[in-house]
Every structure is written in C-alpha cells, then in structure tokens.
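Chain by chain, the residues run as shown.
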Amino acid sequence: MTHVVVQNVFRKEGIGFTGLLTITLVIAKSMGYLDIEWLWVFTPLWLPLAFVLGLMLVVVTLIIVALFLAIIAYIAVNAVKIAYHLE
C-alpha cells in the first residue's frame with residue numbers, strides 16, 4: 001500500500017499593490033513631482049499595520065469594559081443578596 005501526501009502550497013510572488021504604490025511615490029518624491037512629507041510617501045507600508053493595531057486596541061478596550069461591567073453586576077447582585085439575607 002502506498003501513501004501519497006499532497007500539500008497545497010500557496011506562495012505569493014511579486015511586490016503587490018502597496019509595494020508598487022510605495023515605489024511609485026518614492027520615485028515621484030525623489031524626482032520632485034510630489035511636495036509631501038516622507039512619512040506620507042511610506043504610508044502604504046505602515047497604514048495596514050496601523051489599522052490592524054487600532055482595531056485590536058478597540059476590541060481589547062471593549063473586552064475590558066465588558067469584564068468591568070460584569071464584575072460590577074456581580075458585586076451588585078451579591079450586595080443585594082447579603083442585604084436581604086437571600087442566601
């Protein structure tokens with residue numbers, strides 16, 4: 001009996017849209033066609049990372065707020081139980 005192992009390997013080749021856009025902006029800035037800061041020239045490289053980090057920050061903040069509200073609700077319920085001797 002023979003065993004055949006098949007692997008699907010997907011490789012992305014090439015520089016992609018953001019790489020091409022960055023190269024275009026660097027060339028345009030270097031040749032004097034653009035009058036913008038270098039920070040904005042390299043925006044196609046760092047903007048996706050900044051977006052993901054910002055989204056992660058929002059999600060973590062929402063989780064922390066939800067946990068805080070759950071703790072407050074737990075404390076309030078137990079305070080009522082203690083006050084009215086419900087346990």
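You'll find the structure just up there.
Scope of this entry: the structure provided in the associated data block. (Residues numbered from 1 in each chain as written. Predicted model: local features only at pLDDT ≥ 70, side-chain atom pairs only at ≥ 80, totals over all residues. Heavy atoms only, no water.)

**Details of the side chain of Thr 43**
Applicable threshold: A run of H or I in DSSP counts as a helix once it spans at least four residues, and a run of E counts as a strand once it spans at least two, with each numbered from the N terminus. Think of it in three bands: with a 1.4 Å probe and only protein chains considered, a residue is buried below 20% of the maximum accessible area for its type, exposed above 50%, and partly exposed in between. Any pair of nitrogen or oxygen atoms within 3.5 Å is treated as a polar contact; in protein, a donor-acceptor pairing is required on top of that, and neighbouring residues in sequence qualify only through side-chain atoms on both sides.
Of note, Thr 43 is situated in helix H3 (residues 43-83). Judged by its relative accessible area of 12%, Thr 43 falls in the buried class. A polar side-chain atom of Thr 43 sits 3.2 Å from the main-chain carbonyl oxygen of Leu 39. Polar side-chain contacts of Thr 43 include one of 3.0 Å to the backbone oxygen of Trp 40.

**What to know about the packing of aromatic side chains**
What counts, and what does not: Classification of ring pairs uses Phe, Tyr and Trp, with its six-membered ring standing for Trp, and accepts pairs whose centres are within 6.5 Å; under 30 degrees between planes counts as stacked, over 60 as edge-to-face, and the remaining range as tilted.
Scanning the entire structure with this criterion turns up two aromatic pairs. Residues Trp 40 and Trp 46 carry aromatic rings whose centres are separated by 6.1 Å and whose planes lie at 45° to one another, so their mutual orientation is tilted. You can call Trp 40 partly exposed: its relative accessible area is 48%. Exposure remark for Trp 46: the relative accessible area of 31% places this residue in the partly exposed category.

**Focus on a nonpolar patch on the surface**
To be explicit about the condition: Residues enter patches when they are more than 30% accessible in relative terms and free of salt bridges; like-charged ones are connected within 9 Å and nonpolar ones (Val, Leu, Ile, Met, Phe, Trp, Tyr) within 5 Å. In this description, accessible areas are obtained by the Shrake-Rupley approach with a 1.4 Å probe, and a residue is regarded as covered only by the protein chains that are shown. Throughout this description, the term salt bridge denotes a Lys or Arg side-chain nitrogen within 4 Å of a carboxyl oxygen of Asp or Glu.
A contiguous nonpolar surface patch, about 890 Å² in accessible area, is contributed by Leu 49, Phe 51, Val 52, Leu 53, Leu 55, Met 56, Val 59, Ile 63 and Leu 67. Structurally, Met 56 can be placed in helix H3.

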